[in-house]
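# What the coordinates show
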Amino acid sequence: MATFRNLAISLARLAGFNNIAAATDHYRAHPTDALHLLGLTP
């Protein structure tokens, strides 16, 4: 589980977020953005 958490934090930082709580709030409100970040949308 820690590996997945660290992966998510790293991806959020690569996406330009410095505040992990803000990134969590953003991706919770916009789940399609998270899928796009992972390359899972057409």
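Residues numbered from 1 in each chain as written. Predicted model: local features only at pLDDT ≥ 70, side-chain atom pairs only at ≥ 80, totals over all residues. Heavy atoms only, no water.

## Structural notes on the packing of aromatic side chains
Geometrically, a pair of aromatic rings is defined through the distance of the ring centres and the angle of the planes. One pass over the full model with this rule turns up 1 aromatic pair. Plain terms: the ring middles of Phe 17 and Tyr 27 are 5.6 Å apart, the flat faces sit at 65° to each other, and that makes the pair edge-to-face. Of this pair, Phe 17 sits in the loop between helix 1 (2-14) and helix 2 (20-29) while Tyr 27 is found in helix 2, placing the two residues 10 residues apart along the sequence. When its relative accessible area of 18% is taken as the criterion, Tyr 27 is described as buried. (Phe/Tyr/Trp six-rings, centres within 6.5 Å; stacked < 30°, edge-to-face > 60°. Helix = DSSP H or I, 4+ residues; strand = E, 2+ residues; numbered from the N terminus. Buried < 20%, exposed > 50% of the residue type's maximum accessible area, 1.4 Å probe, protein only.)

## Some thoughts on the environment of Ala 23
Position of Ala 23 among the secondary structure elements: in helix 2. Taking relative accessible area as the criterion, Ala 23 reaches 2% and is therefore assigned buried. C-alpha of Ala 23 to C-alpha of Leu 35: the two residues are 12 residues apart in sequence and 14 Å apart in space. Non-local contacts of Ala 23, meaning those with residues more than four positions away in its chain, are made with Ala 12 and Phe 17. (Contact = heavy atoms within 4.5 Å.)

## Here's the deal with a nonpolar patch on the surface
Taken together, the side chains of Leu 35, Leu 37, Leu 38 and Leu 40 make up a nonpolar region of the molecular surface, amounting to roughly 360 Å² of accessible area. Secondary-structure assignment places Leu 38 in the segment after helix 3 (31-37). (Patch = residues over 30% accessible without salt bridge, like charges linked within 9 Å, V, L, I, M, F, W, Y side chains within 5 Å. Areas by Shrake-Rupley, 256 points an atom, 1.4 Å probe, with all protein chains shown as cover. Salt bridge = Lys/Arg side-chain N within 4 Å of Asp/Glu carboxyl O.)

## Quick notes on the confidence of the model for the protein chain
The share of residues in the protein chain with pLDDT of 70 or more is 100%, and the mean pLDDT across the chain is 94. Mean pLDDT values for the elements of the protein chain range from 92 in helix 3 up to 96 in helix 2. (pLDDT = per-residue confidence, 0-100.)

## Remarks on the environment of Ala 21
Tracing the chain through its elements places Ala 21 in helix 2. Under the relative-accessibility criterion, Ala 21 is labelled partly exposed at 49%. Note: C-alpha distance between Ala 21 and Leu 35 (14 residues apart in sequence) is 18 Å.

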